[in-house]
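Spelled out from the first residue to the last, the chains are:
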Amino acid sequence: MVPLQSYLVLSAILFIIGAFGVVSRRNAIIVFMSIELMLNSVNLTLVAFSAYLGDVTGQILVFFVMTVAAAEAAVGLAIVIALFRRKRTVNLDEINILKW
Amino acid sequence: MDNAWNNTVTLESILFYGLAVVAIGSALLVVTRRSPVISALYLILNFFCLAGLYLTLHAQFIAVIQILVYAGAIMVLFVFVIMLLNLGDERWLREGMSYKKAIAVGLSAGLLTELIYILESAGSTMPPGNFGKATDLGTVESIGSQLFTVFLFPFEVTSILLLVAIVGALVLAKRKF
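These remarks concern the structure in this document. Please read all numbers here as calculations on a predicted model, not as lab measurements.

1. Description of the overall build of chain A
From N to C terminus, chain A includes three helices and zero strands. For chain A, the α and β elements follow one another from N to C terminus as α-α-α. Its C-alpha radius of gyration of 17 Å places chain A more than 25% over the 13 Å reference for a compact globule of 100 residues. Seen through its principal axes, chain A has C-alpha atoms that stretch 50 × 25 × 20 Å. Out of the 100 residues in chain A, the part that is buried amounts to 54%. Intrachain contacts of chain A at a sequence separation of at least 6 include 44% that bridge at least 24 residues.

In structure tokens, the structure reads:
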């Protein structure tokens, strides 16, 4: 049987890759994809603990995380479209309308 | 009997490590490719690997939902938006500022070493796992019976959240401002 730590280390690596994408990329859509990567790595942690502890609650929490991720993707991409209409760019360095 | 058990153990670890390597590789390609379309395709590959990992953890329902919701619905949304905006290559985004990237690499490496150190040092306190029980844990029946009794209120709140997301996405994407 694969030990629980292997799943947790894999999930940590995926989370860090996602965090690196959020910090280093300037394309708003790729930043969104990196956030999805991070959400997925947390889901993997929850499912791993759920299976190893024999408790179904973790998998139900994953269900809710997926719902929130779907809502977040819909609203976030709508914001990207609205910003693109206004500024003609998805470069996060040029989107500074809340900053003066 | 003992031999058969050993065989399943090796099969399980081969599956885990194979899927883990592909998942990490595709995740790295997602954050390093310039074109958003290629990133999206590698992200779909990553989602399929995670669905396979959920299956190795006996979470069948979550694995199916992962493919339906993430690889199906959310990624179609992403690809639609990428093609709608017609972004093409990111080269004109002038990703200069290498010092920012250096800081990002340093912070990620530091955080990763911390996390792995913590996980390795917590080895003895981890639950050993009893997969005899876990096999019927991830079925639709066991998740549904919990979801519609203990977690009924959060489930209903989720529907309101989705309604708000639909209305919000329509308002944001429709109006010209």
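Back to the text.
2. Things to note about the interface of chain A and chain B
At the junction of the two partners, chain A supplies 60 residues and chain B supplies 73 residues. If you list the elements that add at least two residues to the side of chain A that touches chain B, you get helix H1 (4-24), helix H2 (28-53) and helix H3 (57-87) of chain A. The element that contributes the greatest number of residues to the side of chain A that touches chain B is H3(A), accounting for 22 residues.

3. So, the nonpolar core
Ile29(A), Met33(A), Val47(A), Ala48(A) and Tyr54(B) are the most contacted members of the largest nonpolar core, which has 67 residues in total. The element that contributes the greatest number of residues to this core is H2(A), accounting for 14 residues. Counting contributing residues, this core receives three or more from each of domain 1 (2-138) and domain 2 (139-177) of chain B. Those residues in contact with Ala48(A) that lie beyond four places of it in its chain are Leu4(A), Tyr7(A), Leu8(A) and Leu57(B).

4. Some points on the environment of Val56(A)
If you trace the backbone, Val56(A) turns up in the loop between H2 and H3. Measuring from C-alpha to C-alpha, the distance between Val56(A) and Val2(A) comes to 20 Å, with 54 residues separating the pair along the chain. In contact with Val56(A), not counting residues within four places along its chain, are Ser50(A), Leu137(B), Ser142(B), Ile143(B) and Gln146(B).

5. Remarks on the environment of Phe32(A)
Residue and element names in this part refer to chain A. Take phenylalanine 32: it is sitting in helix H2. Owing to 26 C-beta atoms within 10 Å, phenylalanine 32 belongs among the buried residues under this scheme. Sequence separation between phenylalanine 32 and leucine 98 is 66 residues; the distance between their C-alpha atoms is 19 Å.

6. Here's the deal with helix H2 (residues 36-56) of chain B
Given a rise of 1.5 Å per residue, 21 residues ought to cover 30 Å, and the 30 Å separating the end C-alpha atoms of H2(B) matches this to within 8%. Positive backbone phi, approximately 60°, marks His58(B), located one or two places after H2(B).

7. Re the packing of H1(A) against H2(A)
All names here are of chain A. Where H1 contacts H2, the two axes come as close as 8 Å, and the packing angle between them is 165°. Classified by the angle between their axes, H1 and H2 sit roughly antiparallel to one another. Taken as a pair, H1 and H2 cross one another with a handedness that is left-handed. A breakdown of the residues in the contact of H1 with H2 according to their chemical character gives 18 nonpolar, seven polar and no charged.

8. Here we look at unusual backbone geometry
The phi angle at Arg88(A) is positive, at roughly 60°, despite the residue not being glycine. Tracing the chain through its elements places Arg88(A) in the segment after H3. A residue is classified by how many C-beta atoms lie within 10 Å of it, and Arg88(A), with 9 of them, is exposed. The phi dihedral of His58(B) is positive, around 60°, even though this residue is not glycine. Looking at the element boundaries, His58(B) is found in the loop between H2 and helix H3 (60-85). Judged by the 19 C-beta atoms lying within 10 Å of it, His58(B) is partly exposed.

The rules behind each value
Think of each chain on its own: its residues are numbered from 1, step by step along the sequence as written. As they are written, the chains are lettered A onward and the ligands numbered 1 onward, keeping that order. Only residues with pLDDT of at least 70 get local features here, since the model is predicted, and only at 80 or more are side-chain atom pairs given and counted; chain-wide, interface and lining totals rely on the full set of residues. The way it works is that DSSP assigns letters per residue, a run of H or I at least four long becomes a helix, a run of E at least two long becomes a strand, and they are numbered from the N terminus. Here the globule rule is a power law, 2.2 Å times the number of residues to the power 0.38, and the radius of gyration is based on C-alpha atoms. Three exposure classes are used, based on other C-beta atoms lying within 10 Å of a residue's own C-beta, which is placed from the backbone: buried for 20 or more, exposed for 12 or fewer, and partly exposed in between. Each residue gets a C-beta atom placed from its backbone, and two residues are in contact if those atoms lie within 7 Å. We define a nonpolar core as a collection of buried residues of the types Ala, Val, Leu, Ile, Met, Phe, Trp, Tyr and Cys that are connected via C-beta atoms lying within 7 Å of each other. Those domain boundaries reflect an automatic or database domain assignment. By definition here, a helix of n residues has an expected span of 1.5 Å times n minus one. With axes taken as lines fitted to C-alpha atoms, and helix axes fitted only over the stretch in contact, angles between N-to-C directions fall between 0 and 180 degrees. Roughly parallel here means an angle under 35 degrees, roughly antiparallel means over 145, roughly perpendicular means 65 to 115, and every remaining angle is called oblique. By definition, any crossing whose near helix is turned counterclockwise from its far helix by less than a right angle is left-handed, and any crossing with a clockwise turn is right-handed. Ten residues, namely Ala, Val, Leu, Ile, Met, Phe, Trp, Tyr, Cys and Pro, are considered nonpolar, four, namely Asp, Glu, Lys and Arg, are considered charged, and the remaining ones, Gly among them, are considered polar.

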